Amino acid sequence: MISYIIRRTLMAIPLLFGITILSFAIVQAAPGGPTSMMMDPTMKPSDREKFEEKYGLNDPVHIQYIKWLGNMVKGDFGDSLIKRGTPVSELIMNRLPNTLILMIASTILAAVIAIPFGIYSAMRPYTKADNAITITSFLGVATPNFWFGLLLIMFLSVKLGWFPTGGVATLNADFSIWDRLHHLILPAIVLATADMAALTRYTRSSMLEVLHQDYIRTAKSKGFKEKRVVLKHGLRNGLIPIITIFGLMLPSFIGGAAITEKVFAWPGIGQLFIDSAFQRDYPVIMALTVVSAVFVVIGNLLADILYAIFDPRIEY
Amino acid sequence: MSQTNPEISQSELELNPNLKAKPETLSKIFLRKFMKNKLAVVGAVFLILVIVASTLASFISPYSFDQVNLMHKLHPPSADYWLGTDRYGRDIFTRLLYGGQISLMVAFGSVIGALIIGVSIGALAGYFGGIIDAILMRLVDIVISIPSIFLLITIVTIFKPSISNLIIVFALTSWTSTARLVRGEFLSLRSREFVLASKTIGTKSHRIIFGHILPNAMGPIIVAATLLVGSVILAEAGLSYLGLGIQPPFASWGNMLQDAQNYTVMLTAPWYPIFPGLLILLTVLSFNFVGDGLRDALDPKSIE
C-alpha cells in the first residue's frame, strides 16, 4: 500500500510539469507577449530597455519559464500588474478561504441530499419515485447555474428580501456566524445543483449494481430487514466508486464555483480570476490556473488513495 | 412461399410463425428501440423544432434581431411581442431565434472539432499503444486537470471572441472525454479476430483504423457527441454571461442573459431573464434525453 501511494504521488509530478508548461505557453501566445500592456507606447528606448531588463524579458523563453517555475516552487508568484506591488500570493491567500468555505458547504449539501436520494432510487428502481428523482436530476444537470442563481436572487432576494443579493457578509457589520450563513445559503445551493444531480445518478447506478450481488440476496434470505441489508451491506461497497466520482467532478466544480462567485459577488479566487482576465493581469491568471490545476491533481490523488484504502479487493 | 426465408424449415415455421416475416433491418431495430424511450422522442422533437425555427428565423419573425424601438422597451409578452421586449425594445422571441442560430452553430462546430481531435488522439493511442499511448494520455491528463472555464476565459480574453474563435476554443478544451472513450474502444477492438484477420492479410494501419475499427466504435462516439453538444451550449452560455461570448448587437442565448441580469430589469420585466434561460435549459435537457435514448438504441446488447 505504501509503495502504491508513493508511486501514485510520483506519477503526479510530470503531470504538474505539463500543467505549468501549458499555462505558461498560453499566456506567452498573447499578441505582443504578456507584458506588452504594461509598457507605455511613448516610452523612451532607454526606459524600455530598463523595463525589459527588470522583468527578464530579454531572456530566452525557456529561461523565463524556468525562472517563473523556480520562483513559484518557492511560493513566489510575482507581483500583480494591476495592483502594483501586491504579491499575487497575497491576493490569492486573501480570497482562498472564501472559495474553500463555498466549496465545502456545497459539497456537503450535494452529498447529504444526493446520496440518500440515489440510494432510495436504487432500492425502488423504475417506480414513480425513482422516475421523479431521475427527471429532477436531468433538470439539475441541464440548468445553467448562473441563470438559476439569477432567478434565486430575483425572487428570493430582490422580491421577497429573504436573502442578501451577494457578498460574504453585511458591510460594516460585526462578525456573526448567522450573517455569514445567511450569505452562504444561496451560492451554496446554486453551486451544489449540478453536482447534486450528477451524484444522485452515479449513486443510483452504483447501488443498483451492488444490490444485485449474491451476498445481498444471501443477507436478505437470512431474514435481515431490507433497510439493514441496504445500509449496512450494500452501502459499504456501493459508495466506493463515488470517491472517484468526487475526484472526477472536481474540475467542473471549481469552474462552477468561479461563475457562482461572479453571480453572487462572492470574493473568492474564481471572481479574482475573472476580474484579472478582463484586466489582463497575467501573473494572477497564470498563478490561478496552476493553483486550481494543482487542487485537481491533489484531489484525484487523494481519491485514488482513499479508493485503495476502502476497497480491500484491489491489491497493489 | 416466395416470401419466406429459405433457411427456415417448415417445422420451425409451425412452432414460431413470427419467423415468416423478413428479418428487421438495423435501422428499423434502431428506430423501434429509440421510439420506446418517450423522453428521448420528446427531446428529439423539441430539438428539431428549435433547429428549424432558428434556421427560418427571418421568415418566422417580422422583426429583425437588432431593431431598436425605445417606445416599446421592456414591453410585457403580448400579441405583438410574444415573449416581450428587452431594454432596447427588441423582440425577445426574435432574438431567441437568431440567438439559436449562433448558439447552435457554435455548439455543433465545437463538437465536430472536438470529435476530430478526440477521435484522432484516442485512435492513435488505442491502436498503437505503448509509448504513443503513454504520451497522448498524459496530454489528456494535463488538459483535464485544468478547469476548462479557466482555459476558456484566458484564451478568449487574449484572442477576440468571434464565432470561429469560440468554436476553436471549445474544441480545444472539450476533446478529452472523446479521446479517452475512443482509446478504450480501440483497446478492446484491436485484439478482436476481424482486426487480426485484416492485419494478417497485410491491410495498412490507416485502413484498419478507419475502415474496420472506427465503424464498430461509432455507437458510443455518437452518444458522447450528443451529450457534448449540451455541455458546450451550457459553457457558451456561461462565457457569454460573463461578457466573453458573442458580442452585442448579435444575440446568443447567453449574452441575452447577461443583458437581463440588471436588478431593475429583473423587477420590472421578469420575463426577460426567464425565457432565454428556459430555452437553454430545455435544449440542453433535450440533448441529454436524446443522448440517453441513443445509448440504448445503439447498443446491440441492450434488451428490447
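Keep in mind the model is a prediction, meaning the values are calculated, not measured. (Residues numbered from 1 in each chain as written. Chains lettered and ligands numbered in written order. Predicted model: local features only at pLDDT ≥ 70, side-chain atom pairs only at ≥ 80, totals over all residues. Heavy atoms only, no water.)

Peer 1: Before we go on, may I ask you to explain helix H6 (residues 145–159) of chain A in this structure?
Peer 2: Given 3.6 residues per turn, any residue in an α-helix points the same way as the ones three and four places further on. Residue and element names in this part refer to chain A. Spanning 15 residues, H6 covers 20 Å between terminal C-alpha atoms, matching the ideal 21 Å at 1.5 Å per step. Along H6, the sharpest kink reaches roughly 30°, centred on isoleucine 153. Along H6, the residues classified as buried are Phe146, Trp147, Gly149, Leu150, Leu151, Leu152, Ile153, Met154 and Ser157. A positive phi of about 70° marks glycine 161, the residue just after H6. (Helix = DSSP H or I, 4+ residues; strand = E, 2+ residues; numbered from the N terminus. Expected span 1.5 Å × (residues − 1). Bend = angle between axes of the 7 residues up to and from the residue. Buried < 20%, exposed > 50% of the residue type's maximum accessible area, 1.4 Å probe, protein only.)

Peer 1: Just to check I follow, could you spell out the pattern of salt bridges for this structure?
Peer 2: A side chain with one charge can pair with a side chain of the opposite charge if their charged atoms come near. Residues and elements named next belong to chain A. Evaluation of the coordinates by the stated rule reveals 10 salt bridges over all chains. Aspartate 214 is the partner of arginine 217 in a salt bridge, and the nearest nitrogen-oxygen pair spans 2.9 Å. With arginine 217 and aspartate 214 both in helix H8 (residues 214–221) and three residues apart, the pair spans about one turn of that helix. Judged on exposure class, the residue arginine 217 and its partner aspartate 214 are both exposed. (Salt bridge = Lys/Arg side-chain N within 4 Å of Asp/Glu carboxyl O.)

Peer 1: Hey, could you run me through the interface of chain A and chain B in this one?
Peer 2: The parts lose accessible area when they come together, and the size of an interface is often stated as this lost area. On the side of chain B, 41 residues touch chain A, which itself brings 48 residues to the contact. On the chain A side of the contact with chain B, Phe138, Phe146 and Trp147 of chain A bury the most area, a combined 15% of that side's loss. Note that arginine 201 of chain A and aspartate 292 of chain B form a salt bridge whose closest N and O atoms lie 3.9 Å from each other. Linking chain A with chain B are two residue pairs in polar contact (both at pLDDT 80 or more), by the criterion used here. Put simply, the parts of the chain that give the side of chain A that touches chain B at least two residues each are helix H1 (2–28), helix H5 (128–142), H6, helix H10 (240–263), helix H11 (269–279) and helix H12 (282–310) of chain A. The element best represented in the side of chain A that touches chain B is H6 of chain A, accounting for nine residues. (Contact = heavy atoms within 4.5 Å. Buried area = accessible area lost by both parts, 1.4 Å probe. Polar contact = N/O pair within 3.5 Å; in protein donor to acceptor, adjacent residues only side chain to side chain.)

Peer 1: In this structure, what is going on with the packing of aromatic side chains? I would like to understand it.
Peer 2: Each pair of aromatic rings is reported with the distance of its centres and the angle of its planes. Residue and element names in this part refer to chain A. Overall, the coordinates contain nine aromatic pairs over all chains when judged by the stated rule. The interplanar angle of 50° and the centroid separation of 6.2 Å between the aromatic rings of tyrosine 65 and tryptophan 68 together place this pair among those described as tilted. Of the two residues, tyrosine 65 and tryptophan 68 both sit in helix H3 (residues 61–73), three residues apart, roughly one turn of that helix. We classify tryptophan 68 as buried; its relative accessible area is 13%. Taken together, the ring pairs in this structure connect Phe24, Tyr65 and Trp68 into an aromatic cluster. Positioned above the aromatic ring of phenylalanine 138, the side-chain terminus of arginine 201 is 4.3 Å from the ring centre. (Phe/Tyr/Trp six-rings, centres within 6.5 Å; stacked < 30°, edge-to-face > 60°. Lys NZ or Arg CZ within 6 Å of the ring centre and 35° of its normal.)

Peer 1: Would you mind going over empty space enclosed by the protein with me for this structure?
Peer 2: Sizing a probe to match a water molecule and rolling it over the atoms shows the empty space that remains. Residues and elements named next belong to chain A. In the structure shown here, the tally under the stated rule is three cavities of 30 Å³ or more. There is about 50 Å³ of room inside the largest cavity. Taken together, Leu96, Thr99, Leu100, Met103, Ile254, Ile269, Ser292 and Phe295 form the lining of the largest cavity. Elements represented by at least two residues in the lining of the largest cavity include exactly helix H4 (88–123) and H12. Here the lining of the largest cavity takes four residues from H4, the largest share from any one element. Per-class residue counts for the lining of the largest cavity are six nonpolar, two polar and no charged. (1 Å grid on protein atoms, 1.4 Å probe; cavity = no way out; pocket = protein on both sides within 12 Å on 5 of 7 lines; lining within 4 Å. Points joined across faces, edges and corners; volume = space filled by probe spheres on them. Nonpolar A, V, L, I, M, F, W, Y, C, P; charged D, E, K, R; others polar.)

Peer 1: Where do I start with a nonpolar patch on the surface in this structure?
Peer 2: Residue and element names in this part refer to chain A. A surface patch of nonpolar side chains, about 600 Å² in accessible area, is lined by Leu100, Ile104, Ile108, Val112, Ile113, Phe117 and Phe295. Looking at which element gives the most residues to the nonpolar patch, the answer is H4, with six residues. When you line up the elements, leucine 100 lands in helix H4. (Patch = residues over 30% accessible without salt bridge, like charges linked within 9 Å, V, L, I, M, F, W, Y side chains within 5 Å. Areas by Shrake-Rupley, 256 points an atom, 1.4 Å probe, with all protein chains shown as cover.)

Peer 1: Mind showing me how you'd approach the nonpolar core here?
Peer 2: In summary, soluble globular proteins display a tendency toward joint burial of nonpolar side chains. Membership of the largest hydrophobic core comes to 125 residues, with the highest contact counts inside it found for Ile92, Phe146 and Val263 of chain A together with Ile153, Ile233, Leu239 and Trp253 of chain B. Residue contributions to this core reach at least three from each of two domains, namely domain 1 (2–73) and domain 2 (94–310) of chain A. (Core = buried A, V, L, I, M, F, W, Y, C linked by side-chain atoms within 4.5 Å. Domains from an automatic or database assignment.)

Peer 1: Help me understand the UniProt feature "transmembrane region" (unreviewed entry) in chain A, please; the structure alone is not making it clear to me.
Peer 2: Here, the residues flagged by UniProt with the feature "transmembrane region" (unreviewed entry) are residues 100–120, 132–156, 181–199, 238–259 and 284–310 of chain A. Helix makes up 100% of residues 100–120 of chain A and strand 0%, with an end-to-end C-alpha separation of 30 Å. (UniProt positions renumbered as here; feature names shortened; annotations may be inferred.)

Peer 1: Before we go on, may I ask you to explain the UniProt feature "domain: ABC transmembrane type-1" (unreviewed entry) in chain A in this structure?
Peer 2: Those residues carrying the UniProt feature "domain: ABC transmembrane type-1" (unreviewed entry) are residues 96–303 of chain A in this numbering. Taken as a whole, residues 96–303 of chain A contains 82% helix and 0% strand, while its terminal C-alpha atoms sit 22 Å from one another.

Peer 1: How do you make sense of helix H12 (residues 253–260) of chain B when you look at a structure like this?
Peer 2: Among the eight residues in H12 of chain B, seven count as buried, and that is most of the element. Of all the residues in H12 of chain B, the buried ones are Trp253, Gly254, Asn255, Met256, Leu257, Asp259 and Ala260 of chain B.

Peer 1: Where do I start with the UniProt feature "transmembrane region" (unreviewed entry) in chain B in this structure?
Peer 2: All names here are of chain B. Annotation from UniProt places "transmembrane region" (unreviewed entry) at residues 39–60, 102–127, 139–159, 165–182, 213–235 and 271–291. Between the end C-alpha atoms of residues 39–60 the distance is 27 Å, and the span holds 95% helix and 0% strand. The span residues 271–291 shows a helical share of 100% and a strand share of 0%, and its end C-alpha atoms are spaced 30 Å apart.

Peer 1: Sorry, what's going on with unusual backbone geometry here?
Peer 2: When glycine is set aside, most residues are seen to have a negative phi, and most peptide bonds are trans. Positive phi outside glycine occurs at tyrosine 126 of chain A, with the angle close to 65°. Phi is positive for alanine 265 of chain A, which is not a glycine, with a value near 45°.

Peer 1: Mind showing me how you'd approach a positive patch on the surface here?
Peer 2: All names here are of chain A. On the surface, a cluster of positive charge is made up of Lys222, Arg228, Lys232 and Arg236. The topology assignment puts arginine 236 in helix H9 (residues 226–238). Using a relative accessible area of 68% as the deciding quantity, one classes arginine 236 as exposed. (Lys, Arg positive; Asp, Glu negative; His and termini not counted. Charge placed at Lys NZ, Arg CZ, Asp CG, Glu CD.)

Peer 1: What is the right way to look at the environment of methionine 123 of chain A in this model?
Peer 2: Residue and element names in this part refer to chain A. You can see methionine 123 is positioned in helix H4. Sequence separation between methionine 123 and glutamate 226 is 103 residues; the distance between their C-alpha atoms is 9.2 Å. Apart from the residues lying within four places of it in its own chain, the contact partners of methionine 123 are Leu211, Glu226 and Val230.

Peer 1: Would you take a moment to explain the side chain of serine 292 of chain A for this structure?
Peer 2: By the secondary structure assignment, serine 292 of chain A is in helix H12. Look past the residues within four positions of serine 292 of chain A in its chain and what remains in contact with it is Ile254 of chain A together with Pro147 and Phe150 of chain B.

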